[in-house]
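Notes for the structure review
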Amino acid sequence: MLPLLTFSVLLSTACCAVYDYGAYDATRDSFLPGPFPDGFSFSTATAAYQIEGGWNASGKGESIWDRFSHTPGKVDRGDTGDVACDSYNKYREDVQLMKNMGLRDYRLSLSWPRIFPDGTRAGGVNTDGVNYYNNVIDELLANGITPMVTLYHWDLPQALQDRYGGWVNETLVEHFNDFAAFAFQTFGDRVKYWITCGHTIIKAHARAYHTYDRDFRSTQGGIVGITLNLDWAEPRDPELPADVQATDRYMQIYSDWFAHPIYVDGDYPPFIKEGLRQVGLANPGETVPEFSTEDAAYIAGTADFFGLNHYKTRIVTSRDITVGTAGSTFRDTIEATVAPEWPQSASSWLYVVPWGLRRLLKHIKQTYGDPDVYITENGRSDPDVQPPILEDTDRVCYYMTYIDEVLKAIKDDDVKVKSYTAWSFMDNFEWDKGYTERFGLIYVNFTDPNRPRTPKRSAGFYTDIIASNGFPEGAEITKMTRDMWEECRGGPAGWAAATHANVGLLALCFLVTAMYNFLNM
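Residues numbered from 1 in each chain as written. Predicted model: local features only at pLDDT ≥ 70, side-chain atom pairs only at ≥ 80, totals over all residues. Heavy atoms only, no water.

As annotated in an unreviewed UniProt entry, the chain carries the name beta-glucosidase and comes from Branchiostoma floridae. Listed under Sequence similarities (unreviewed entry) in UniProt, the entry text for the chain is "Belongs to the glycosyl hydrolase 1 family." (UniProt positions renumbered as here; feature names shortened; annotations may be inferred.)

Shown next, in the form of structure tokens:
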């Protein structure tokens, strides 16, 4: 007789309820034509350190990324942002490229040390840096493009890092608020969309929000939100409680950690709070972050919209580990994988899963009070190769399918998405990867001192999307999308292959069951 335990292992391996997330799902993955709502905005984004260059020009202070990239071995190929795309000198050319694409908005960030060289108001204002951003903002507006300004995108003044140890010291809340208040006062007559980045501490965001609300909102009429980088996750086995719970933990770690305090109750989500408590118990004397009742009241509701960066979807299963033991962390309680069918970009962590964005948008609606959502980053990378990839069909497919998922979220799920932002406007310095990964709609030749720009095929596609406001019936962009959908989305040919694989799995299930019945006759 076949032992019951042996059979159970075989049966669970062959016949478990693991969902095939790589298979083509005709209901989920089909093309939805139609226009976006009136007033919907298509945008692109960049960040100061990644494009500006001029790292020490005209009184600018050193940033932590200047120091990091100048340290041998820290960045691939020894690349730095010293010149980057040279947008410090070529911003007018960049704005004309944006205008040619029909962009309605453009998300940029301010370099804190370009304005406050030592990071503090008391240390003095760099007039040349202020003039630079005044010129960029004015150039955008003169060409019909609305600036959306991110106050902080990783480039902390090195002086604050040296003096206080960076964001671990809450003194930076005051210095960030001084910087934010100066930006509101100086640029707020023309900038109506302000974003604090999720890499700032939550208290700094809340302080800046309240400063704008108290001192500037009534006269300037702008709005302030935060941009958060959120993943989507699905349980490997949707019928296994442990996997479902692990997926909830994943979402709390990678999506709710910052969003929950701001959009729910001013405090961390339950798993994070419990994990921090366990870390404190396992490490007596270690300072564990927590919010007081007063902090929670101050933080909750400090956003006029939800800024969303989205790149990753994962399949999650549980690991039996307790946070705080043997140096374990929150992340050790989960295992995240991808489906083998998901296309991979040049970035090792970035796989193409368009439906994940729609499900995430629905999650935001249901979890965070149905806010207005501005998608502030979404995109894919190509490798830096020669000849350059100008016919970037993979990126065309990426934007085609992800933008259509946004349309589904708006039309079918009633999510209040107001804007979609492609990352990025042009190839730029991709942090510790330097220039080895290219996300841009515009190709930049980094070996040429003049940094010439060349629009890729995806720039033309995005231009057509903007001109048509989506995929209206009868539009050329809609016909093109229909013609390319099977190639881009993996079906129905991909669906047939997945179905064949599922039939094989089902046959194995029947075989194991039959074997058990035979041996136990």
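The next thing to look at is the overall build of the chain. Helix and strand counts for the chain stand at 19 helices and 17 strands. Counting all 521 residues of the chain, 55% fall into the buried class. The contacts of the chain with a sequence gap of at least 6 include a subset with a gap of at least 24, amounting to 77%. With an accessible surface of roughly 21500 Å², the chain has 54% of that area assigned to carbon and sulfur atoms. (Helix = DSSP H or I, 4+ residues; strand = E, 2+ residues; numbered from the N terminus. Buried < 20%, exposed > 50% of the residue type's maximum accessible area, 1.4 Å probe, protein only. Contact = heavy atoms within 4.5 Å. Areas by Shrake-Rupley, 256 points an atom, 1.4 Å probe, with all protein chains shown as cover.)

Looking now at the confidence of the model for the chain. Of all residues in the chain, 87% attain a pLDDT of 70 or more, and the chain-wide mean is 90. Here residues 1–15 scores under 50 on pLDDT; set against residues more than four positions off or in separate chains, the count is 20 contacts. This model gives residues 493–516 a pLDDT under 50, and the stretch forms 22 contacts once residues within four places in sequence are excluded. (pLDDT = per-residue confidence, 0-100.)

On to the packing of aromatic side chains, then. If you walk through the whole model with that rule in mind, you get 49 aromatic pairs. Ring plane angle 80° and centroid distance 5.2 Å describe the contact between Phe36 and Phe42, whose orientation is recorded as edge-to-face. Both residues of the pair, Phe36 and Phe42, belong to the buried class. Cluster of aromatic residues (ring-pair linked, three or more members): Phe36, Phe40, Phe42, Tyr398, Tyr399, Tyr402, Tyr420 and Tyr462. In this arrangement the basic side chain of Lys312 is found over the ring face of Tyr254, its NZ or CZ atom lying 5.8 Å from the centre. (Phe/Tyr/Trp six-rings, centres within 6.5 Å; stacked < 30°, edge-to-face > 60°. Lys NZ or Arg CZ within 6 Å of the ring centre and 35° of its normal.)

On to the packing of helix 7 (residues 127–142) against helix 9 (residues 171–187), then. The N-to-C vectors of helix 7 and helix 9 enclose an angle of 50°; their axes lie 11 Å apart at closest approach. As far as their axial angle goes, helix 9 and helix 7 are oblique. In the packing of helix 7 onto helix 9, the handedness of the crossing is right-handed. Note on element contacts: helix 9 touches helix 7 through Phe182, Thr186 and Phe187, opposite Val130, Tyr133, Asn134 and Ile137. Looking at the contact of helix 7 with helix 9 residue by residue, the class counts come to five nonpolar, two polar and no charged. (Axes fitted to C-alpha atoms, helices over the stretch in contact; angles between N-to-C directions. Parallel < 35°, antiparallel > 145°, perpendicular 65-115°, else oblique. Left-handed = near helix turned anticlockwise from the far one by under 90°. Nonpolar A, V, L, I, M, F, W, Y, C, P; charged D, E, K, R; others polar.)

So, about the environment of Thr317. Looking at the secondary structure, you find Thr317 in strand 9 (residues 313–318). A relative accessible area of 12% means that Thr317 is categorised as buried. Taking the C-alpha atoms as reference, Thr317 lies 8.7 Å from Gln245; in sequence the two are 72 residues apart. Those residues in contact with Thr317, other than ones at most four positions away along the chain, are Arg236, Asp243, Ala246, Ile334 and Glu335. Side-chain polar atoms of Thr317 contact the side chain of Asp243, separated by 2.8 Å. (Polar contact = N/O pair within 3.5 Å; in protein donor to acceptor, adjacent residues only side chain to side chain.)

Packing of helix 17 (residues 457–468) against helix 18 (residues 476–489) leaves a shortest axis separation of 10 Å and a crossing angle of 130°. As summarised for this structure, helix 17 and helix 18 are arranged oblique, according to the angle between their axes. Residue-level contacts link Arg457, Phe461, Asp464, Ile465 and Ser468 of helix 17 to Ile477, Met480, Thr481 and Met484 of helix 18. Counted by class, the contact of helix 17 with helix 18 contains five nonpolar, two polar and two charged residues.

Pairing is parallel around the closed barrel formed by eight strands, whose spatial order is 2-3-4-5-6-8-11-13. Neighbouring strand axes in the sheet, compared pairwise and without regard to direction, differ in orientation by 25° on average. Examined bridge by bridge, strand 5 (residues 193–197) and strand 6 (residues 223–229) share five bridges and lie parallel to one another. Paired with Ile195 across the bridge in strand 6 is Gly225. Of the strands in this sheet, strand 3 (105–109) and strand 4 (146–150) touch helix 7, which is tilted by about 170° from strand 3. Seen against the sheet, helix 17 touches strand 2 (41–45) and strand 13 (417–423) and runs at an angle of roughly 150° to strand 2. (Pairing = 2+ DSSP bridges.)

Before going further, it helps to examine the state of the cysteines. Taken as a whole and assessed by the stated rule, the structure comprises one disulfide. Shown here is the disulfide that connects Cys397 with Cys488, its sulfur atoms set 2.0 Å apart. Handedness here is read from the sign of the S-S torsion; for Cys397 and Cys488, about -60°, the answer is left-handed. One end of the pair, Cys397, is in helix 16 (residues 393–411); the other, Cys488, is in helix 18, with 91 residues separating them in the sequence. In terms of burial, Cys397 and Cys488 fall into one category: buried. (Disulfide = S-S within 2.5 Å.)

Another point: unusual backbone geometry. For the peptide bond that leads from Gln386 to Pro387, omega is -5°, which places it in the cis range. Following the sequence through the fold, Pro387 ends up in the loop between strand 12 (382–383) and helix 16. In the segment running from Trp423 into Ser424, the intervening peptide bond is cis, with an omega of 5°. The topology assignment puts Ser424 in the loop between strand 13 and strand 14 (437–438).

Right, let's get into helix 7. Because the α-helix completes a turn every 3.6 residues, residues three or four places apart line up on one side. For helix 7, with 16 residues, the first-to-last C-alpha span of 22 Å sits near the 22 Å given by 1.5 Å per residue. Those residues of helix 7 lying buried are Gly129, Val130, Tyr132, Tyr133, Asn134, Val136, Ile137 and Leu140. For helix 7, the secondary structure elements touched by its buried residues are helix 3 (48–51), helix 5 (87–101), strand 3, helix 6 (112–115), strand 4 and helix 9. Gly144, located one to two residues past helix 7, shows a positive phi value of around 75°. (Expected span 1.5 Å × (residues − 1).)

The positions UniProt marks with the feature "active site" (unreviewed entry) are Glu377. In this structure, Glu377 is in contact with Arg107, His153, Leu308, Asn309, His310, Tyr311, Thr421 and Trp423, ignoring residues within four places of it in sequence. Here the side chain of Glu377 touches Arg107 through a polar contact of 3.1 Å, side chain to side chain.

Here the focus is the side chain of Asp29. With respect to the helices and strands, the residue Asp29 is situated in helix 2 (residues 26–29). Within the structure, the side chain of Asp29 is placed 2.7 Å from the side chain of Arg28, a separation counted as a polar contact. Of note is the side chain of Asp29, whose polar atom sits 3.0 Å from the side chain of Arg489. If sequence neighbours within four positions are ignored, Asp29 has contacts with Ala23, Tyr24, Trp355, Lys408, Trp485 and Arg489.

Our next topic: the pattern of salt bridges. Enumeration over the complete set of coordinates arrives at 37 salt bridges. The residue Arg217 makes a salt bridge to Asp213 at a minimum N-O spacing of 2.5 Å. Look at the salt bridges and you will find they share partners, linking Arg77, Asp79, Asp384, Asp427, Arg438 and Lys456 into a network. (Salt bridge = Lys/Arg side-chain N within 4 Å of Asp/Glu carboxyl O.)

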